[in-house]
Amino acid sequence: MVFRSVFFPKAWSLIPFDKIAESPCFAKLGNEVTDSNPKGSKYISSRYFRAKPLVMLTFFRKWLIAFLSFLCLGLSACFAPDAGTADGKTPEPGSDHPNILVILADDAGWGDFGFMGAADLETPNLDQLAAGGTVFTQAYVSASVCSPSRAGLLTGSYQQRFGHECNLEPDQALAFDSSQVSIAEALRAQDYHTAIFGKWHLGEMAHQHPLRNGFDHFYGFLAGGRSYFPSEKQDRVGDPHALLDGHTPQTFSGYLTDELGNQAVKYVRARTQEQSPFFAYLAFNAPHTPMEATEKDLARYPNHDRPIYAAMVYAMDRAIGQVITTLKETGAYDNTLIFFLSDNGGAHNNNSSVGPLKGWKGNQFEGGIRVPFLISWPGHVPAGAKHTGMISSLDIFATALDAAGGEQTPNLDGVSLLPLLRGADRTVDAHQTLFWRKDEMATVRHGTHKLIHLDDFGEVVYGTSSGMMEEDRDLFAAGDGPLHDSLQRMLRNWEADLKEPIWTEGERWNEVTRHIYERLMTNEPVLAKNPGQLNRIKE
């Protein structure tokens with residue numbers, strides 16, 4: 001204590017112990033130690049290190065880095081001049097950085113919004129948001145199904161690198177590798193308050209909880225889906241479908257999409273009273289199954305071809321509109337960077353539409369991985385623009401971190417879209433090459449060409465015309481062997497650095513997926529889209 005008060009009085013007062021303790025390094029270390037101990041003790045036993053020698057090395061490396069950082073910070077603070085502005089006031093950390101809002105739809109089709117050309121659906125609030133921002137017509141997600149797509153979005157890295165390759169199975173302890181730094185953790189390090197509303201679907205165990213992965217506030221559910229109405233079966237303590245406020249089960253009345261919107265509105269109103277910016281991840285489960293809508297919303301579509309889907313999309317747009325209205329009322333809208341996209345392509349069982357695209361959720365044809373995508377940030381993102389270059393959902397992390405003034409980390413596969421948006425050319429690709437893999441199926445898109453691979457079956461090669469991938473004409477079968485070989489080498493080189501998937505979706509679904517791929521690759525009608533249908537055609 002004498003050393004503290006005599007030698008480093010100024011340095012000691014300036015060292016942000018709370019920030020050091022909350023840093024990704026310390027937070028992750030605490031999670032690893034706690035999660036390894038069934039009693040939840042924060043004390044580290046020799047048994048823990050004997051069981052995990054590599055973790056022991058990682059542990060001491062992290063503490064050494066943290067100690068050196070602590071020492072450097074203290075010494076630099078000793079000799080630093082008094083911080084302050086011209087009027088003598090210390091500026092608020094991050095106060096000049098934008099709020100960041102990521103809005104995610106669930107299983108929405110590429111063509112299912114007014115700003116994407118839908119004439120039979122009502123999405124006035126999203127259409128207005130698109131009119132004030134930039135729409136990306138060649139936007140891709142990193143997976144064709146919910147959970148791995150979210151893992152990629154929240155880490156900015158191909159989720160295959162840490163084994164989160166297939167859709168999540170219940171009670172999977174190794175889902176969403178806790179050594180990954182999430183976008184919430186990265187932004188919290190930039191003094192952002194972080195919140196998630198809605199669907200998590202990245203693990204149901206304690207160490208996988210949003211509050212253990214960078215989020216300060218969580219209001220939603222852990223599972224991959226649930227009823228849109230209160231459910232005695234699901235709204236129970238310990239059920240992963242139950243609605244939670246943090247860790248506490250909640251009851252709600254009305255319709256879940258409205259409830260999530262209302263909670264996001266409350267959060268925005270509260271946070272805009274604070275000096276620090278916020279990051280909010282509004283992850284709707286709409287319009288994912290079960291297909292449920294309110295009677296009032298259904299009454300808007302008495303003669304519609306897909307009334308329940310239309311009502312669900314309308315309700316989601318209404319909730320988004322309420323959040324946008326709140327941002328405007330609080331004066332925060334002009335300094336809020338907003339992303340909107342779907343987690344994957346439209347599903348075959350919810351009446352979504354992928355427009356002219358081939359395929360759907362669960363496969364790597366365009367309909368499964370190409371999604372509606374817009375960005376809005378008044379004064380920073382061109383208004384009313386369409387960008388036709390290729391981008392990825394992996395870019396959200398890097399773009400948000402760039403806007404927040406953070407340094408890009410070398411492990412990101414995504415890139416910041418801000419330089420691209422500042423340019424005049426609306427055809428520039430953020431990526432020349434993108435990759436996908438889910439167990440036996442893998443794909444590469446390079447420039448204007450795309451190769452799809454299916455184990456023990458073969459490969460097809462497609463090319464684009466006017467920005468649309470022509471997936472009915474196989475260039476490999478037409479004789480372009482050199483193009484095939486070049487794309488194949490790219491895909492194999494990428495796969496060589498990947499981790500094997502920690503889990504797969506099981507043989508029942510793999511058999512269905514193989515059937516779908518084989519039929520689509522040969523331009524034959526798909527006869528089965530789920531295990532039950534496949535069993536029937538076998539009989």
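Before any of the text, the structure's been laid out above.
Residues numbered from 1 in each chain as written. Predicted model: local features only at pLDDT ≥ 70, side-chain atom pairs only at ≥ 80, totals over all residues. Heavy atoms only, no water.

**Q** Report on the pairing of strand E14 (residues 449-454), specifying residues and quantitative values.
**A** Taken across its six residues, E14 has five buried, putting it largely inside the fold. As paired elements, strand E13 (residues 441-446) and E14 share six bridges and run antiparallel to each other. The partner of Val 444 across the bridge, within E14, is Leu 451. Taking the residues between adjacent antiparallel strands as the criterion, E13 and E14 are bridged by two residues, where Gly 447 takes a positive phi near 60°. Where E14 and strand E15 (residues 458-465) come together, six bridges link them in antiparallel fashion. Bridge assignment links Ile 452 to a residue of E15, and that residue is Val 460. (Buried < 20%, exposed > 50% of the residue type's maximum accessible area, 1.4 Å probe, protein only. Helix = DSSP H or I, 4+ residues; strand = E, 2+ residues; numbered from the N terminus. Pairing = 2+ DSSP bridges.)

**Q** Quick one: what's the story with helix H7 (residues 124-131), residue by residue and with numbers?
**A** Leu 126, Leu 129 and Ala 130 are the residues of H7 that are buried. Looking down the long axis of H7, one finds its buried residues gathered within 100° of arc, a one-sided arrangement. The inward-facing, buried residues of H7 contact strand E2 (134-140), helix H12 (307-329), strand E8 (336-342) and strand E10 (373-376). (Arc of directions from axis to C-beta. Contact = heavy atoms within 4.5 Å.)

**Q** Any chance you could break down the pattern of salt bridges for me, citing the residues and the numbers?
**A** Taken as a whole and judged by the stated rule, the model has 24 salt bridges. The partner of Arg 150 in a salt bridge is Asp 106, and the shortest N-O contact between them spans 3.5 Å. Taken as a pair, Arg 150 in helix H8 (residues 146-155) and Asp 106 in the loop between strand E1 (99-105) and H7 lie far apart in primary sequence, 44 residues in all. Here Arg 150 and Asp 106 have matching classes, each one buried. For the salt bridge of Asp 235 with Arg 226, the shortest nitrogen-to-oxygen distance reads 2.6 Å. Taking the relative accessible area as the measure of exposure, Arg 226 reaches 1% and is therefore buried. Counted as one network, the salt bridges with shared partners bring together Asp 106, Arg 150, Lys 199 and Asp 343. (Salt bridge = Lys/Arg side-chain N within 4 Å of Asp/Glu carboxyl O.)

**Q** An account of the packing of aromatic side chains is requested, with residue identities and associated values reported.
**A** Working definition: an aromatic ring pair is given by the centre-to-centre distance plus the angle between the planes. Applying the stated rule across the entire model yields 18 aromatic pairs. Taken together, a centroid distance of 5.2 Å and an interplanar angle of 80° make the contact between Phe 113 and Phe 340 edge-to-face. With Phe 113 in the loop between E1 and H7 and Phe 340 in strand E8, this pair connects stretches of sequence that are 227 residues apart. Residue Phe 340 is classed as buried on the basis of its relative accessible area, which comes to 0%. A centroid spacing of 5.7 Å and a plane angle of 90° characterise the contact between Phe 176 and Trp 200, whose relative ring orientation is edge-to-face. Of this pair, Phe 176 sits in the loop between H8 and helix H9 (183-188) while Trp 200 sits in the loop between strand E3 (193-199) and strand E4 (217-221); the two residues are 24 residues apart in sequence, bridging distant segments of the chain. In this structure, Phe 176 and Trp 200 share a single accessibility class: buried. Taken together, the aromatic side chains of Phe 176, Trp 200, Phe 215, Phe 279 and Tyr 281 make up a single cluster linked through ring pairs. The ring of Trp 360 carries the charged tip of Lys 529 above its face, separated from the ring centre by 4.5 Å. (Phe/Tyr/Trp six-rings, centres within 6.5 Å; stacked < 30°, edge-to-face > 60°. Lys NZ or Arg CZ within 6 Å of the ring centre and 35° of its normal.)

**Q** Tell me about the side chain of Ser 416, residues and numbers included.
**A** Topologically, Ser 416 is positioned in the loop between helix H14 (395-403) and helix H15 (418-422). Exposure remark for Ser 416: the relative accessible area of 18% places this residue in the buried category. A polar atom in the side chain of Ser 416 sits 2.6 Å from the side chain of Asp 402. Within the structure, the side chain of Ser 416 is placed 3.2 Å from the backbone nitrogen of Leu 418, a separation counted as a polar contact. (Polar contact = N/O pair within 3.5 Å; in protein donor to acceptor, adjacent residues only side chain to side chain.)

**Q** Go over the sheet that holds strand E12 (residues 433-438), please, and point to the residues and values.
**A** Paired through backbone hydrogen bonds, the strands of a sheet run either parallel or antiparallel to each other. The strand order E12-E13-E14-E15-E16 describes an open sheet built from five strands, whose pairing is antiparallel. Since the sheet does not close on itself, it has two edges, and those belong to E12 and strand E16 (468-470), each with one partner. Each strand of the sheet is rotated relative to its neighbour by a mean of 20°, with strand direction disregarded. Lying over the sheet, helix H17 (residues 507-521) contacts E12, E13, E14 and E15, oriented at roughly 135° with respect to E14. (Axes fitted to C-alpha atoms, helices over the stretch in contact; angles between N-to-C directions.)

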